[in-house]
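This is what each chain is made of:
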Amino acid sequence: MTIRIFVDADACPVKEEVYRVAERHKVPVTLVSNSYLRVPASRLIDQVVVEKGPDAADDHIAGLADPHAIVVTADIPLADRCLRAGSVVIGPNGKPFTVDSIGSALATRALMEDLRSTGDIIGGPPPFQKRDRSRFLEALHEAVMQLRRG
């Protein structure tokens, strides 16, 4: 079966990096978003625009996730769903989501939601940095190589 990369694309800051790795390794990419995005002309890059809705893109990606897929997302519940389907899941910062780490990530997300809802914490994740891009490139390359080795 063919390795594929699925990108939760609406707010993904590393699409260009995904394109570079996909071209280097000749791996097809599907960007899933709620609106049309500018996508390079390449036979390897496909775009799926789903209906507007809070989880439409997530549902689409989770429905395609399998052990031959690499999913790029910062969405922790989506990462959990894709891990359950056997996919490799990488955050845009290059940190992998794993079966061992996803429970903690879900718990932290729930705690932060509760704190934000009470006004105790305002804001989100730290700003995206150049080293996050480098870490992501390395992690995506490694994920492709891992799946190729089986």
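Described below are features of the structure shown in this document. (Residues numbered from 1 in each chain as written. Predicted model: local features only at pLDDT ≥ 70, side-chain atom pairs only at ≥ 80, totals over all residues. Heavy atoms only, no water.)

Looking now at unusual backbone geometry. Its identity is not glycine, yet K26 carries a phi of approximately 55 degrees, on the positive side. By secondary structure assignment, the location of K26 is in the loop between α1 (15-25) and β2 (29-33). (Helix = DSSP H or I, 4+ residues; strand = E, 2+ residues; numbered from the N terminus.)

Looking now at the nonpolar core. If you look at soluble globular proteins, the nonpolar side chains tend to sit buried side by side. Ranked by internal contacts, the top residues of the largest apolar core, which has 24 residues, are I5, V7, V18, I70, V72, I90 and L140. Only β1 (4-8), α1, β2, β4 (69-72), β5 (88-90) and α5 (130-149) provide two or more residues apiece to this core. Ranked by the residues each element gives to this core, the list is headed by α5, at six residues. Apart from residues lying up to four places away in sequence, I90 is in contact with I70, V71, V72, T73, K95, P96, F97, F136, A139, L140 and A143. Membership of the second largest hydrophobic core comes to 19 residues, among which are V32, A62, A69 and V89. (Core = buried A, V, L, I, M, F, W, Y, C linked by side-chain atoms within 4.5 Å. Buried < 20%, exposed > 50% of the residue type's maximum accessible area, 1.4 Å probe, protein only. Contact = heavy atoms within 4.5 Å.)

So, on to the packing of helix α2 (residues 56-64) against helix α3 (residues 76-84). One can describe the packing of α2 onto α3 by two numbers: an axis separation of 9 Å at closest approach and a directional angle of 15 degrees. On the basis of their axis angle, the class for α2 and α3 is roughly parallel. For the pair α2 and α3, the crossing hand works out as right-handed. Here D58, D59, I61 and A62 of α2 come into contact with α3, specifically with L78, R81 and C82. Within the contact of α2 with α3, the residues separate by chemical class into four nonpolar, no polar and three charged. (Axes fitted to C-alpha atoms, helices over the stretch in contact; angles between N-to-C directions. Parallel < 35°, antiparallel > 145°, perpendicular 65-115°, else oblique. Left-handed = near helix turned anticlockwise from the far one by under 90°. Nonpolar A, V, L, I, M, F, W, Y, C, P; charged D, E, K, R; others polar.)

Relative orientation and spacing of two packed helices are given, respectively, by the angle between their axes and the distance between those axes. For the pair α1 and α5, the least separation of the axes is 10 Å and the interaxial angle reads 35 degrees. In this structure, the crossing between α1 and α5 has a hand that is right-handed. Contact residues: α1 offers E17, V18, R20, V21, R24 and H25, while α5 offers R133, F136, L137, L140, H141, V144, M145 and R148. Looking at the contact of α1 with α5 residue by residue, the class counts come to seven nonpolar, two polar and five charged.

Attention now moves to the pattern of salt bridges. On inspection of all chains with the given rule, the structure shows five salt bridges. Its salt-bridge partner being R133, residue E17 comes within 3.2 Å of it at the nearest N-O pair. Here R133 lies in helix α5 and E17 lies in helix α1, a separation of 116 residues in the sequence. Classification of R133 as partly exposed rests on a relative accessible area of 30%. Between R135 and D132 there is a salt bridge, with the nearest N and O atoms lying 2.6 Å from each other. Residue R135 and its partner D132 are both found in helix α5; the two are separated by three residues, about one turn of the helix. What makes R135 partly exposed here is its relative accessible area of 32%. The class of D132 is buried, set by a relative accessible area of 10%. (Salt bridge = Lys/Arg side-chain N within 4 Å of Asp/Glu carboxyl O.)

Turning next to the sheet that holds β4. Note: strands within a sheet are paired through backbone hydrogen bonds, in either parallel or antiparallel orientation. Taking strand neighbours across the sheet as the criterion, the six strands line up as β3-β2-β1-β4-β5-β6 in an open arrangement whose pairing is mixed. Single-partner strands in this sheet number two, and they are β3 (45-49) and β6 (96-97). Across five bridges, β2 lies against β3 in parallel orientation. Opposite T30, over in β3, you have D46 as the bridge partner. Contacting β1, β4 and β5, α5 runs over the sheet at an angle of about 175 degrees to β5. (Pairing = 2+ DSSP bridges.)

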